[in-house]
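Secondary and tertiary structure notes
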Amino acid sequence: MSVRHDESGPAVAPATGAAARPPAGASDRPAAAPRRRRPRRWLADVCALLVAVVVAFPLYWMVLSALRPRAELEAGDATPFTLSPSLDSFERVVLVDGFGRYLVNSLLVAGAVVVLSTLCAFLAAVALTRYRFRTRSTLLVMVLVAQMVPIEALTIPLFFLLRNIGGAVPALGLNHLGSLIIVHMAFSIPFAIWMLRGFVAAVPQSVEEAAKLDGASSFTFVRRILFPLVAPGVAACSIFSFITTWNDFLFAKTFIISAQENQTLPIAILTFFKPDENDWGGIMAGSVLMTIPVLIFFVIVQRHLISGLGGAVKG
Amino acid sequence: MSTTAVPREGTRRTGDWARRAPLLPALIFTIVVTQLPFLVTIWYSLRSWNLLRPGSGQFSGLDNYVAVLTDTQFLGAAGNTILITASCVLVSMLLGIGLALLLDRKFFGRGLARTLLITPFLIVPVATALLWKTTMFDPVFGLVGFALSPFGLGDVDWVSSYPVASVVTALVWQWTPFMMLLVLAGLQSQGRDVVEAGQVDGAGPRQMFLFVTLPHLRRYIELGVLLGSIYVVGTFDTIYMMTQGGPGTASANLPFTIYQRAFLGFDIGQSAAMGVIVVIGTMIVATLALRLIFRTFMATEEKLS
């Protein structure tokens, strides 16, 4: 995809260069350029790999700490490998600390938020870009404003709001997963609308007209034609809502106060982090386990991510 | 504006609503969960209301605002927020551009390098904060101390001596991949014809970058700065896990201070006032940023048409 002009080998470069330039200039430059460039390119490649290794080193250390036997950790061993990797830390986290329960909670919340907020945002994006009605631009501006309100300013009123909702529908109130789903949906939707708008607008009007001629209703068009066409955008915004929901700490800490069994993973990791006896092996094992679902989700959608981000800018 | 079909007068109203219908779920949701609570925050901020004082909650005008704006803890937190956000976004954007340029070429191990560089963004921030606090910055066991010990910096307690810098380091590590991804998207959307035209015109690599690539990347960079700022301003977990805002309040930012005031100090009125001030501040900054972005949008659209 990204085969750039300057990547064609030195054998081809002089030929194309000579064809494009007047003969006078072709005598020295095309021949000299690749020769001079080569060592620098090689240097840049080594640099890139080196930086990647440095950036990734904390990750390696995280996995390593999770695999180290306890004695080695407590001795403060700084060797960059371990000769006796053990799964003790993982076992302790999963079996003793009920990690599975929190994992299921986190997956439920993040999954529900991704599906529901993407659906709502997609419909809204369709309405905002393809249909014309009065107050359309006002609504567009409102979406942007909603995006800008910082969450910390809203935690207190949301706390009381959720307490009141909980009085009517307990499953959506404080201490229940529903409260987290509601709140995260509301914070994911404006961003998702904003991102999807560009994609929906990029589908030409003629496609819609052709579909109409073939007898498709508005609904069929949106579902069968428009949705597949904007799939990269959907992928890009779903990974964002997944990551923000999955990572959330503030809301989980504020709204799930006393129901330990409804806690999500980021808070669960707090329970391993006791000031007196730091179970680093456990913390790191928990962190590794917590990262795996994000990685899986990312691998599934990553093909669309870069083009998705590009599309959001074009809108 | 292309008004292709003029709707008949009679069906106009219903037509309007039918076209708005797909918007309603998202709209109602966002209004109920984000806009109304904000109005409620304003309402709370005008009362003297502490949950520990039974019977409090009477109207007190702008007292909370006066109290908050003369509160050194709040002002310190505001300063920290600006410092943390600005330095984190700036540094991670510069690093992100550099890394994206390095990755935007074919070389052996590119796929691996790219995956390695993206992963920090996928780690849960709570885990990132713990990772940096314990295995990197710890004075006894930390890797940073170990690596710097030849320079006599082996036993520095980074997190308590330089709390803000430590937090920024962890945040930069976490946000650089995001900036890199955005810039990479920009680089890959750059038309090959433009690159070739530049080369035919005899532009060197540096000129190509300054006059062709960078202007093209501008929107991507702006989007990255805007989104990065929105998220980094709201950083709570990293601060909570790494420093607890300490030592003292040396590294507390606004979200952390608001949280403390509301859920540990139970002063609903004052924390609501802080929230309102934060929203106003964010609006001002974001409006300026958005105007900048819209100007570039307009400029390119005019060019295209």
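Residues numbered from 1 in each chain as written. Chains lettered and ligands numbered in written order. Predicted model: local features only at pLDDT ≥ 70, side-chain atom pairs only at ≥ 80, totals over all residues. Heavy atoms only, no water.

- Chain B appears in an unreviewed UniProt entry as Carbohydrate ABC transporter membrane protein 1, CUT1 family (TC 3.A.1.1.-) from Marinactinospora thermotolerans DSM 45154.
- Turning to chain B, the UniProt record has this under Sequence similarities (unreviewed entry): "Belongs to the binding-protein-dependent transport system permease family." (UniProt positions renumbered as here; feature names shortened; annotations may be inferred.)

- The name recorded for chain A in an unreviewed UniProt entry is Carbohydrate ABC transporter membrane protein 2, CUT1 family (TC 3.A.1.1.-), from Marinactinospora thermotolerans DSM 45154.
- According to UniProt, the comment filed for chain A under the heading Sequence similarities (unreviewed entry) is "Belongs to the binding-protein-dependent transport system permease family."
- The UniProt entry for chain A carries the following comment under Subcellular location (unreviewed entry): "Cell membrane".

1. Focus: the overall build of chain A
- A count of helical and extended segments in chain A gives 15 helices and zero strands.
- Per-residue burial over chain A gives 50% buried out of 315 residues.
- Contacts in chain A between residues at least 24 apart in sequence constitute 71% of all its contacts with a sequence separation of at least 6.
- When the accessible surface of chain A is split by element, carbon and sulfur atoms take 68% of a total near 14500 Å². (Helix = DSSP H or I, 4+ residues; strand = E, 2+ residues; numbered from the N terminus. Buried < 20%, exposed > 50% of the residue type's maximum accessible area, 1.4 Å probe, protein only. Contact = heavy atoms within 4.5 Å. Areas by Shrake-Rupley, 256 points an atom, 1.4 Å probe, with all protein chains shown as cover.)

2. Description of the overall build of chain B
- Across its full length, chain B carries 14 helices and two strands.
- Looking at chain B as a whole, 52% of its 305 residues qualify as buried.
- A total of about 14300 Å² of accessible surface is found on chain B, and carbon and sulfur atoms cover 69% of it.

3. Let's talk about the packing of helix α6 (residues 99-130) of chain A against helix α14 (residues 265-272) of chain A
All names here are of chain A.
- Relative orientation of the contacting elements α6 and α14 amounts to 155°, with a least axis distance of 9 Å. As judged from the angle between their axes, α6 and α14 are roughly antiparallel. Residues Phe99, Tyr102, Leu103 and Ser106 of α6 form the contact with α14, whose own contacting residues are Leu265, Pro266, Ala268 and Phe272.
- Across the contact of α6 with α14, the residue classes break down as seven nonpolar, one polar and no charged. (Axes fitted to C-alpha atoms, helices over the stretch in contact; angles between N-to-C directions. Parallel < 35°, antiparallel > 145°, perpendicular 65-115°, else oblique. Nonpolar A, V, L, I, M, F, W, Y, C, P; charged D, E, K, R; others polar.)

4. Description of the UniProt feature "transmembrane region" (unreviewed entry) in chain A
Residue and element names in this part refer to chain A.
- Within the UniProt annotation, "transmembrane region" (unreviewed entry) is assigned to residues 42-63, 102-127, 139-161, 181-204, 225-246 and 280-301.
- Across residues 42-63, helical content stands at 100% and strand content at 0%; the span's end C-alpha atoms are separated by 31 Å.
- Annotated as 92% helix and 0% strand, the span residues 181-204 places its first and last C-alpha atoms 35 Å apart.

5. Topic: the interface of chain A and chain B
- Taken together, the 100 residues of chain A in the interface contact 104 residues of chain B.
- Summing both sides of the interface, chain A and chain B together bury roughly 9400 Å²; the carbon and sulfur share of this comes to 76%.
- Between chain A and chain B we count zero salt bridges in total.
- Viewed at the interface, chain B and chain A are joined by two residue pairs in polar contact (both at pLDDT 80 or more).
- For the side of chain A that touches chain B, a count of residues per class yields 71 nonpolar, 14 polar and 15 charged. (Buried area = accessible area lost by both parts, 1.4 Å probe. Salt bridge = Lys/Arg side-chain N within 4 Å of Asp/Glu carboxyl O. Polar contact = N/O pair within 3.5 Å; in protein donor to acceptor, adjacent residues only side chain to side chain.)

6. Focus on the confidence of the model for chain B
All names here are of chain B.
- Looking at chain B as a whole, its pLDDT mean stands at 79, while 89% of the residues score no less than 70.
- This model gives residues 1-11 a pLDDT under 50, and the stretch forms three contacts once residues within four places in sequence are excluded.
- Interface confidence for the predicted complex, expressed as ipTM, amounts to 0.76; the pTM equals 0.79. (pLDDT = per-residue confidence, 0-100.)

7. Topic: the domain arrangement of chain A
Residue and element names in this part refer to chain A.
- Looking at the assigned domains, one finds that chain A contains domain 1 (42-85) and domain 2 (93-307).
- Summarising the inter-unit geometry, the C-alpha centres of domain 1 and domain 2 are found 33 Å apart.
- Contacts between domain 1 and domain 2 engage six residues on the former and eight residues on the latter.
- When domain 1 packs against domain 2, the two sides together hide about 520 Å² of surface, and 77% of this comes from carbon and sulfur.
- For the domain 1 face of the interface with domain 2, the top three residues by lost area are Met62, Ala66 and Leu73, together amounting to 69%.
- Counting across the domain 1 and domain 2 interface gives zero salt bridges.
- Remark: the boundary between domain 1 and domain 2 carries zero residue pairs in polar contact (both at pLDDT 80 or more).
- Looking at which element gives the most residues to the side of domain 1 that touches domain 2, the answer is helix α3 (residues 29-67), with four residues.
- Partitioning the side of domain 1 that touches domain 2 into residue classes produces four nonpolar, one polar and one charged. (Domains from an automatic or database assignment.)

8. Thoughts on the pattern of salt bridges
All names here are of chain B.
- Under the definition given, this model contains three salt bridges over all chains.
- The salt bridge involving arginine 261 is made with aspartate 71; its shortest N-O contact spans 2.9 Å. Of the two residues, arginine 261 sits in helix α13 (residues 254-264) while aspartate 71 sits in the loop between α3 (63-69) and α4 (72-103), which places them 190 residues apart along the sequence.
- The exposure class assigned to arginine 261 is buried, which follows from its relative accessible area of 14%.
- The residue arginine 218 makes a salt bridge to glutamate 222 at a minimum N-O spacing of 3.1 Å.

9. Some details on the packing of aromatic side chains
All names here are of chain A.
- Throughout the structure, instances matching the rule amount to 26 aromatic pairs over all chains.
- Taken together, a centroid distance of 4.3 Å and an interplanar angle of 15° make the contact between phenylalanine 242 and phenylalanine 297 stacked. Residue phenylalanine 242 is found in helix α12 (residues 231-247), and its partner phenylalanine 297 is found in helix α15 (residues 280-314); the two are separated by 55 residues along the sequence.
- The exposure class assigned to phenylalanine 242 is buried, which follows from its relative accessible area of 6%.
- The exposure class assigned to phenylalanine 297 is buried, which follows from its relative accessible area of 19%. (Phe/Tyr/Trp six-rings, centres within 6.5 Å; stacked < 30°, edge-to-face > 60°.)

10. Some points on unusual backbone geometry
- Non-glycine residue Asn175(A) carries a positive phi angle of around 70°.
- For Asn175(A), the location among the structural elements is in the loop between α8 (155-168) and α9 (177-202).
- For Asn175(A), a relative accessible area of 17% puts it in the buried group.
- You will see that Phe266(B), though not glycine, has its phi angle at about 60°, which is positive.
- Looking at the secondary structure, you find Phe266(B) in the loop between α13 and α14 (268-304).

11. Observations concerning a nonpolar patch on the surface
Residues and elements named next belong to chain B.
- Together, Trp17, Leu24, Ile28, Val32, Leu36, Leu39 and Ile42 give the surface a local cluster of nonpolar side chains, amounting to about 600 Å² of exposed area.
- The element that contributes the greatest number of residues to the nonpolar patch is helix α2 (residues 24-45), accounting for six residues.
- For valine 32, the position within the fold is in helix α2.
- Its relative accessible area of 35% is what places valine 32 among the partly exposed residues. (Patch = residues over 30% accessible without salt bridge, like charges linked within 9 Å, V, L, I, M, F, W, Y side chains within 5 Å.)

12. Digging into the packing of helix α11 (residues 218-229) of chain A against α12(A)
All names here are of chain A.
- At a closest axis distance of 4 Å, the pairing of α11 and α12 adopts a crossing angle of 65°. When α11 is examined against α12, the residues Phe227, Pro228 and Leu229 are found in contact with a partner set consisting of Ala231, Pro232 and Val234.
- Residues that form the contact of α11 with α12 fall into these classes: six nonpolar, no polar and no charged.

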